[in-house]
Structure formats: structure tokens, C-alpha cells
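Reading the structure
Take a look at the letters that make up each chain.
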Amino acid sequence: MSTSTLAHLRAANIPWLQHITVLASTFYFFAFSEVRTFLILYGLTAFLFDTEALLAALQDPTEPPLIPHPYLPFLGHVIGMFWYGASYFARVNAKTQYPIFTLQTLTARTIAVIDPVLAAPIQRASKNLSFYGMILEVTKRLVDFDEQSMEIIRFNLDGEHGSSEGLMNESQEMIASELSPGRGLNQLSTTQLDKFSELLSDLVRGTSTLEISLMDFVKRIFTIANAYTIYGPQNPFAMHPELVHKFWDYESGMIAVMANVFPFITARKPWLARKAINEALQEFVEKGYYRTASTMIQKRVQINLKHGLTTKMAGRAELILLFGVIGNAVPTTFWFLANVFGRPALLQKIRIETSQAISSTRSRDGKVKEKIINVTDLKTKCPLLVSTYRETLRTIANLASVRLVTNTHSVSAPGHPPYLLKKGSMIQIASGVIHGSESVWGADANSFNPTRFISSTTSSEQFSSETGASISAERTATALPKNVPSAAYRAFGGGSVICPGRHFAQSEILGFVALCVQMLDIEDVKGGTFDVPERDDQRIPLSVMKPVKEPQVVVKRRKGEEDVIWRLEL
Ligand code: HEM
């Protein structure tokens, strides 16, 4: 044993003196026949309680420090993550203040990344730190893929047969291209915005009122509009309207289904819901309904079938994308509406600001007949709206970015020593901790500041004086406060797997919220402004955070807007 190992062992948080004293006194207190049993019991207990500290002492000094659980080794951190949900990393970080640390559980080593400066090189190192290596097991359980499909999906994930070979590479490249700014994306967004205005006008007509939970209000419109836009007129929800509810039944119980402990008994409602949706998705592929869907879905189904997925499994593959499309957009829009309508002063300012993006047509008698909101104008001329959207996401986007270390990798960043990330470890970039860090965002990191993303150089005047709309749109969307590193804003993940739907999401969510702000009053069911709900930090959703309680609201058209036809355009 080298002298440095001995020094580490001596410095380890292990009560060596107590162990030596106990061992030495054993022979004094116990009869010879009892010594063996005692030593075995003592040894086992000491092993259980000290092994994490021993691992911490013996690990390579350049590895992220291992934090032994103070009371319950190997199980303590698992229970902590289960009990405290998304806030567990924040609790450990509050005690340790390490920029990166390791938690050991029975089956895995989890490396939590707390400093965004380290997050940047980690999300860039996609060759050795694999997103799919981590996420595919989740996907398998999420949609119930069979093993044969998983083999097809796993092919060439590390790129050993070239960067575009294999189902995943081909599909990911195609989706990124279909959803990146350009004509195809504009077409998708236009269909979506038209559908929003049609559905909202139908749901809240003339002087009628609608009593509903704010979340259900968003779910109703977004599920139908997104399914229509992305999956076409013969989408599963249009063919089987009862599936809209079932989709959200599955969403709320999917963690229990994925735990996979006799889910048909322990999580029956979401399990049955998934079964019904999967059957409809299979029909969507088998009956060729996908041929009337967006180009992205047509290409995606063709890629999946070409690589050998059965029609049944190609249908199931769509369930994961449905989550990508709707699963985050709905709760994000819910929070955005809650943050605006729950703060009358902010609502007032946003009403004034977004009115710049409206044009109107009049009937012969001079009355306003139609009002059109231009979503490009929202992005370029309405910094408060865009900033409120980004601040909303900062406060609710808690989902860690996960990576599996497929080859031992050393990561270095300015101001940090190099850290060794050993093969087999699971990395979690702790988005929630980073989003709430005072050292990153300033003293008000934990409060809601709707103007946070309006920088001193980005004002509505400046936007209107920009020459190219696309340049100003990009500037609005990327105005991080001074000195905040870009990897600190993690709502859409980062690196090569950054959410490809972020541009689509921004247009649909800004458009929908502006439409609501201009067209509707949304108040507490008991009258007046509703309270902005609290975040439910105990639940770990596979999307943005959920509220503890969903406000029950009354939705009606604003005075004077009862007969106006509202439309959204890009
Ligand atoms: C506010 C709404 C949204 C949020 C907060 C969001 C967030 C995310 C996040 C955090 C990831 C994982 C990235 C990582 O771990 O590094 C992701 C992946 C993804 N998102 Fe989104 N997303 C949203 C909307 C959308 C929409 C509307 C679409 C599609 C139209 C979409 C499509 C996808 C896809 C396909 C992936 C997987 C990327 C891949 O496998 O490479 N997302 N999203």
C-alpha cells in the first residue's frame, strides 16, 4: 500500500480508533466461542457504515468528491432523491457547496454537476458522455418497446459505423432539420397558431363564461392543436377523442408505470391509458393515417419502418415524441399564464406591450371585425413578454440533463481543476440547482423577476430599429443577464441534444399567451385575481415542474372583445 493511500485512509471520515479499541477489547469481554460471531456482526456493521467513507478516501483525487450519506450508506441518497424529489441535489449542495460531486448508491455512481461553467464542456463531450446511453432505458419503459426494437434503436449510438448510420442518428438529424428555423417550421407554426385561434374562439364565445382548472384549459387546447399540427387531421386524438383524457392520465402516472412493479395492478389507470394510446398509434401507422401528418412525422415513421421496427413498435415510438411535443409545452404555458394573470400589474404592462403586435380590420360600419396578432412582432417588439416567458421557464425547468460516461473522460473548465469522470458513472447536470443559484443569477435568484432577461441593450426601441427581424428575434430570445454563462440557462437542455423543438415551442407559447392576454379575462372562480400557485418540489416529473394546486378559474372574453374574430399569424 503506497504512503499516499495510507495518508488518505488516515484522513478518511472513519472512526479507526473506535474500531481498534473495540477489536482489542473483544477478547477481554467475550468468551473465545463468542468472539467469532461478534466480529462478524461488528465487521458487517462497520462495513455497511464506513464503506462510503472508504470509497471516498480511496478514489482518485481528481474524481469529483464522493459525499457519503451521513446516516444510511448506499440507500440514503436513493431515499433522499425519492423523498425530496427534484430538490435533493439542492439540499446536498447547500451542505457541501462543491461545484461537482458524486453520490454513491447500491447500483450506481451519480455525479451531480452544480456549476454551469463545468456543465458547458460536459454537454459538449457527447462522444464520451452519452445522452442516449442514459435515456434509452427510460424510453423503453415509457412506451413499452420490445427487446428486438431496442436492439435496432441501440445500433451505432456511439457512431462506430459513421455519424449518420442507424435509426437514432437518422431520426435525430431529420427532426433537428425539420424543426430548425425555415420554411418547414414556419408552416408548422402557422398551422398551429390558426388552430389555437379556432379552438379558443370556439371554447370562449361571445358573453359566455367557462369554469375550468387553468391546467385543463391549456391541456384541452394544446393537446388537440398540437396533435392536429404535428400528426395531421387523422391523428389519434381526432380519431378517438376520449384519448385526450387518457393521454394526461398516463402522463400523471407514468413514473409508477415505468417503475414496472406489476404496473397492471399497481398503476392500473395510467397503464390502461397507455395501452389505449399505443393501440391508436399502431392504427395510425397501420392504416397509413401518418401520410396526412406533417412532413416530420411522415419521414419519422418511414425511417422507423425502414430500419425494421414493426408497425406496432413504430406506433409506440410516437408516444415518446408526443411527450416531447406536449408534455413540456402544456405545463410551461400553464405557468406562464399563471405568472401573468396572477400579477395584475404585469398583466397590464404586457397588455399594453403586446398591443403593438396587433393589426385589425373593420367592417363597413367602422366596427372592428378582426384582430390579428403577429407572433414575429411578439418576439421582436415585446421584450417583457419574452422575458417573462424565459423567467417562467427558469423557475420551473428542473429536469436534470443526464449523460452516461461511456469512456473515462477528464473535464476541465476555467477556474476549476480537471475532474476525472469514470466510465459507468451517471452524470446529472442539476438544472434546478443552477436555475436557483444566487452565485449565478444574483441575490434575487429565488424570486420571480419578469424583467430579468431584458438587458440594458435590448429594449423595444432597439428591436424596432433592428434591420432584420430574425436577428432581433434571436437577440430577444438569447438576452441572458450580464455575467450569466449560457450553460446556466438549461430549460431546453444543452449540447448536441438541445431540445430541437425550442423554436416551435417559443412561437406557440408566446402566441397563445398573447392571444389570451388580449382576448380574455381569467379570474379566480371565487372572483378577483387568483394566487400564483406554488411549485410542487416533491414530485419528480419527466418535464417541467408541476404546481401543488391548480387554480380553478373563470375564463371569459374581455369587455368589447365579445364579437371580435381573433387570429394569430407568424
Ligand atoms: C417549453 C417547452 C419545451 C421544453 C421546456 C423542452 C425541453 C426539452 C429538454 C430539457 C430536452 C432534453 C435535452 C437534454 O437533456 O439535453 C428536450 C428534448 C427534446 N425535445 Fe423539447 N422541450 C419543449 C418543447 C418541445 C417541442 C414543442 C418539441 C417538438 C415539436 C420538442 C421536441 C423535443 C425532442 C424531439 C427532444 C429529444 C432530442 C433528442 O433526442 O436529441 N420539445 N426538450
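Residues numbered from 1 in each chain as written. Predicted model: local features only at pLDDT ≥ 70, side-chain atom pairs only at ≥ 80, totals over all residues. Heavy atoms only, no water.

The name an unreviewed UniProt entry gives the chain is Cytochrome P450, with Trematosphaeria pertusa as the organism.

**What to know about the overall build of the chain**
Looking only at helices and strands, one finds 26 helices and 13 strands in the chain. The C-alpha radius of gyration computed for the chain amounts to 27 Å, which stays within 12% of the reference 25 Å derived for 570 residues, consistent with globular compactness. Once the C-alpha set of the chain is aligned to its principal axes, its extents read approximately 105 × 55 × 50 Å. Across the 570 residues of the chain, 50% fall into the buried class. Taking contacts inside the chain between residues at least 6 apart in sequence as the whole, the part at least 24 apart equals 72%. (Helix = DSSP H or I, 4+ residues; strand = E, 2+ residues; numbered from the N terminus. Rg over C-alpha atoms; globule rule 2.2 N^0.38 Å. Buried < 20%, exposed > 50% of the residue type's maximum accessible area, 1.4 Å probe, protein only. Contact = heavy atoms within 4.5 Å.)

**Section: the sheet that holds strand β4 (residues 209-213)**
Reading across from one edge, β4-β12-β11 is the order of the three strands in this open sheet, with antiparallel pairing throughout. Two strands bound the open sheet, and with one partner strand each, they are β4 and β11 (520-524). For this sheet, the mean inter-axis angle between neighbouring strands, taken without regard to orientation, is 25 degrees. Taken together, the five bridges between β11 and strand β12 (residues 552-557) define a ladder with antiparallel strand orientation. Paired with Ile522 across the bridge in β12 is Val555. (Pairing = 2+ DSSP bridges. Axes fitted to C-alpha atoms, helices over the stretch in contact; angles between N-to-C directions.)

**So, the UniProt feature "transmembrane region" (unreviewed entry) in the chain**
The UniProt feature table records "transmembrane region" (unreviewed entry) at residues 16-32, 39-59, 71-90 and 319-338. Note that residues 319-338 is 95% helix and 0% strand, and that its end C-alpha atoms are spaced 28 Å apart. (UniProt positions renumbered as here; feature names shortened; annotations may be inferred.)

**What to know about the sheet that holds strand β1 (residues 100-104)**
The strand order β1-β2-β10-β7-β3 describes an open sheet built from five strands, whose pairing is mixed. Two strands bound the open sheet, and with one partner strand each, they are β1 and β3 (129-130). The pairing of β3 with strand β7 (residues 401-405) spans two bridges and is classified as antiparallel. Following the sheet pairing, Ser130 is matched in β7 by Leu404.

**A few points about the state of the cysteines**
Disulfides are covalent bonds that link the sulfur atoms of two cysteine residues. Throughout the structure, instances matching the rule amount to zero disulfides. Here Cys516 is not cross-linked by a disulfide; its sulfur's nearest cysteine counterpart is in Cys382, at 15 Å. (Disulfide = S-S within 2.5 Å.)

**Quick look at helix α4 (residues 76-84)**
Where α4 is concerned, the buried positions are Gly76, His77, Gly80 and Met81. Around the axis of α4, the buried residues are gathered within 135 degrees of arc, so they sit on the same side. Turned more than 90 degrees from where α4 packs its buried face, Phe82 and Trp83 sit exposed. (Arc of directions from axis to C-beta.)

**Remarks on the site of the ligand**
In the vicinity of the ligand lie 24 residues, with Tyr132, Gln172, Gly324, Gly494 and Cys499 positioned nearest. Tyr132 is positioned such that a nitrogen or oxygen atom in its side chain is 2.7 Å from an oxygen atom of the ligand. Interatomic distance of 3.2 Å between a backbone N/O atom of Gly324 and a nitrogen atom of the ligand. Sorting the residues of the shell around the ligand by element identifies α17 (311-327), α18 (329-341) and α26 (502-519) as the ones contributing at least two each. For the shell around the ligand, the element with the highest residue contribution is α26, accounting for four residues. Of the residues in the shell around the ligand, the class split is 15 nonpolar, seven polar and two charged. (Near = heavy atom within 4 Å. Polar contact = N/O pair within 3.5 Å; in protein donor to acceptor, adjacent residues only side chain to side chain. Nonpolar A, V, L, I, M, F, W, Y, C, P; charged D, E, K, R; others polar.)

**Thoughts on the nonpolar core**
Nonpolar side chains in soluble globular proteins generally cluster together in the buried interior. Counting residues in each nonpolar core, the largest one holds 137 residues, and the members touching the most others are Leu200, Phe217 and Ile297. Setting aside chain neighbours within four positions, we find Leu200 in contact with Phe217, Ile221, Phe512, Leu515, Cys516, Met519 and Leu520. Judged by nonpolar contacts, the second largest core, of eleven residues, contains Met81, Tyr88, Ala430 and Val433. (Core = buried A, V, L, I, M, F, W, Y, C linked by side-chain atoms within 4.5 Å.)

**Notes on a nonpolar patch on the surface**
A contiguous nonpolar patch, built from Tyr71, Leu72, Leu75, Val78, Ile79, Trp83 and Leu106 and spanning about 760 Å² of accessible area, is present on the exposed surface. Inspection of the secondary structure puts Tyr71 in the loop between α3 (32-58) and α4. (Patch = residues over 30% accessible without salt bridge, like charges linked within 9 Å, V, L, I, M, F, W, Y side chains within 5 Å. Areas by Shrake-Rupley, 256 points an atom, 1.4 Å probe, with all protein chains shown as cover. Salt bridge = Lys/Arg side-chain N within 4 Å of Asp/Glu carboxyl O.)

**What about the coordination of the iron atom of the ligand?**
Counting protein donors to the iron atom of the ligand gives just one, Cys499 (SG), placed at 2.3 Å. Within the secondary structure, Cys499 sits in the loop between α25 (469-477) and α26. (Donors = N, O, S within 2.8 Å, 3.2 Å for Na, K, Ca; no water.)

**Brief notes about the UniProt feature "binding site: heme" (unreviewed entry) in the chain**
Sequence positions flagged by UniProt for "binding site: heme" (unreviewed entry) are, in local numbering, Cys499. Take Cys499: its relative accessible area is 27%, and that puts it in the partly exposed class.

**Re the confidence of the model for the chain**
When pLDDT is averaged across the chain, the result is 87; 93% of the residues are at 70 or more. Between the elements of the chain, mean pLDDT differs from a low of 33, seen in helix α24 (residues 460-465), to a high of 98, seen in α18. Note on residues 458-475: pLDDT is under 50 here. Beyond four places in sequence and across chains, it has 22 contacts. (pLDDT = per-residue confidence, 0-100.)

**Re helix α13 (residues 243-259)**
Between the first and last C-alpha of α13 there are 23 Å, a value that for 17 residues agrees with the 24 Å anticipated at 1.5 Å per step. In α13, a bend of some 65 degrees at Gly253 exceeds every other bend along the element. Of the positions making up α13, those classed as buried are Leu243, Val244, Phe247, Trp248, Tyr250, Glu251, Gly253, Met254, Val257 and Met258. (Expected span 1.5 Å × (residues − 1). Bend = angle between axes of the 7 residues up to and from the residue.)

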